[in-house]
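Below are the chains, spelled out letter by letter.
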Amino acid sequence: MKSKHWVAFITLGIIWSSSFLWIKIGVQEVGPMSLVAFRMLFGVITAASVALYQKGSWPRDWKTWKIYAILGPTSLAIPIFLISWGEQTIDSAVAAILNATVPLFTLVIAHFYLHDDKMTPQKVIGLLIGFAGIVILLSKDLFTSAHNSAIGQAAVILASLFYAGSAVWARKVTQHVEGAMRAAAPLLTATMFMWIIGPLVETPFKVPTLPITWVAVLWLGILGSGIAMILNYYLLHEIGPTRTTMVTYIFPVGGVILGVIFLNEELSWQLFAGATLIIASLAVVNWKPRTSPANLVKRAEKPKQS
């Protein structure tokens, strides 16, 4: 990963770190379908504005739109709904841990479907170190959780599977789409999906009225969907889905830090231990030994077998 990749990766992690908090706030007034529908709407407006500013153009062939007709719901609408729905019955700490299974699922799926993102001992060890860091980081909240339904947890795990599968598939089938339009197109189909299905499935389909709910919707839409998806698709095609989905390891760190800053929560050993393991996991997965000049010379001088 180059410096520009790290900047995009960390920015994406910071934006998405607060998503669980804003989802929790949003579903206090409106249902998960309503929340996701408005989130997708503001997301596509944001991403499309950036794409048009970059002089991008919408795809013009039906083959590409068929891809996005599937990718929009499976990578955005459905998993975001599942997490929003699941967070009605489980704590955000549990949701963050379960969502952190995304890179583990991605590692396995990418190994079989992509030629340039294979499973290696280095990646497996790195991902497991990071997951252990998340469990330690959130262990304090995890064991004091008041309510965590099995069906709510299953919903978040299913969302993680959708995220993992769609990330691998997106890397494979959207190479020909350029710039921010990679994010705008699936956000458009996800928006259409949610505004058709939402009012039919969720009764009543509410429009937010409280100011704090609108703050949540706008944050989740403009930053959490529009800008975040532009960064996400950029990283998918630059560094691969396994490394990109490791951004879920940053979410709990950001959430705990937000709690310390805004909720006066105490610093704990879990924060330092968990954050250290998560940083170590990123280093392990992205570590590449330098080849010394002497080894390069030896490799060049080695005679080829006939």
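Residues numbered from 1 in each chain as written. Predicted model: local features only at pLDDT ≥ 70, side-chain atom pairs only at ≥ 80, totals over all residues. Heavy atoms only, no water.

A. Structural detail: the overall build of the protein. The helix and strand inventory of the protein stands at 15 helices and 0 strands. Buried residues in the protein amount to 50% of all 306 residues. In the protein, the share of contacts with a sequence separation of at least 24, taken over all contacts with a separation of at least 6, comes to 90%. When the accessible surface of the protein is totalled, it reaches about 15300 Å², and 69% of it is carbon and sulfur. (Helix = DSSP H or I, 4+ residues; strand = E, 2+ residues; numbered from the N terminus. Buried < 20%, exposed > 50% of the residue type's maximum accessible area, 1.4 Å probe, protein only. Contact = heavy atoms within 4.5 Å. Areas by Shrake-Rupley, 256 points an atom, 1.4 Å probe, with all protein chains shown as cover.)

B. Summary view of the packing of helix α4 (residues 62-86) against helix α9 (residues 150-173). Interhelical geometry of α4 versus α9 gives an angle of 155° and a closest axis separation of 8 Å. Classed by the angle they form, the pair α4 and α9 counts as roughly antiparallel. Note on packing geometry: the crossing formed by α4 with α9 is left-handed. Touching Ile67, Ile70, Leu71, Thr74, Ser75, Ile78, Pro79, Ile80, Leu82, Ile83, Trp85 and Gly86 of α4 are Ile151, Gly152, Ala155, Val156, Leu158, Ala159, Phe162, Tyr163, Ser166, Trp169, Ala170 and Val173, all from α9. Looking at side-chain class alone, the contact of α4 with α9 contains 19 nonpolar, 5 polar and no charged residues. (Axes fitted to C-alpha atoms, helices over the stretch in contact; angles between N-to-C directions. Parallel < 35°, antiparallel > 145°, perpendicular 65-115°, else oblique. Left-handed = near helix turned anticlockwise from the far one by under 90°. Nonpolar A, V, L, I, M, F, W, Y, C, P; charged D, E, K, R; others polar.)

C. Up close: the nonpolar core. The biggest cluster of nonpolar side chains holds 77 residues, and the ones touching the most others in it are Trp16 and Met40. With 11 residues, helix α11 (residues 211-239) is the largest single contributor of residues to this core. Excluding residues within four positions of it along the chain, tryptophan 16 makes contact with Arg39, Gly224, Ala228, Met229, Asn232, Val247 and Phe251. (Core = buried A, V, L, I, M, F, W, Y, C linked by side-chain atoms within 4.5 Å.)

D. Structural context of the environment of phenylalanine 205. The residue phenylalanine 205 is located in the loop between α10 (181-201) and α11 in this model. Sequence separation between phenylalanine 205 and tryptophan 195 is 10 residues, and the spatial gap between their C-alpha atoms is 10.0 Å. Non-local contacts of phenylalanine 205, meaning those with residues more than four positions away in its chain, are made with Met33, Ser34, Ala37, Trp195, Gly198 and Pro199.

E. Focus on the environment of glycine 221. Position of glycine 221 among the secondary structure elements: in helix α11. Judged by its relative accessible area of 0%, glycine 221 falls in the buried class. Residues glycine 221 and glycine 43, spaced 178 residues apart in sequence, show a C-alpha to C-alpha distance of 4.4 Å. In contact with glycine 221, other than residues within four places in its own chain, are Arg39, Phe42, Gly43 and Gly226.

F. Fine view of the packing of aromatic side chains. A full pass over the atoms with the stated rule returns 8 aromatic pairs. With a centroid separation of 5.8 Å and 75° between ring planes, the pair formed by phenylalanine 38 and tryptophan 214 is classed as edge-to-face. Here tryptophan 214 lies in helix α11 and phenylalanine 38 lies in helix α3 (residues 32-53), a separation of 176 residues in the sequence. Given a relative accessible area of 7%, phenylalanine 38 falls into the buried group. Put simply, the rings of Phe38, Phe42, Trp195, Phe205 and Trp214 pair up and form one aromatic cluster. (Phe/Tyr/Trp six-rings, centres within 6.5 Å; stacked < 30°, edge-to-face > 60°.)

G. How the structure looks around helix α1 (residues 3-17). Across its 15 residues, α1 extends 21 Å between first and last C-alpha, which sits within 8% of the 21 Å expected from 1.5 Å per residue. Restricting attention to buried positions, one finds in α1 the residues His5, Ala8, Phe9, Leu12, Gly13, Ile15, Trp16 and Ser17. (Expected span 1.5 Å × (residues − 1).)

H. Main features of the pattern of salt bridges. Throughout the structure, instances matching the rule amount to 2 salt bridges. One salt bridge in this structure joins aspartate 116 and arginine 171, with 2.4 Å as the shortest N-O distance. Of this pair, aspartate 116 sits in the loop between α6 (102-113) and α7 (121-137) while arginine 171 sits in helix α9, placing them 55 residues apart in sequence. The exposure class of arginine 171 is buried, given its relative accessible area of 10%. Lysine 123 is the partner of aspartate 117 in a salt bridge, and the nearest nitrogen-oxygen pair spans 2.5 Å. For aspartate 117, a relative accessible area of 1% gives the class buried. (Salt bridge = Lys/Arg side-chain N within 4 Å of Asp/Glu carboxyl O.)

All quantities given are derived from atomic positions and should not be read as evidence of function.
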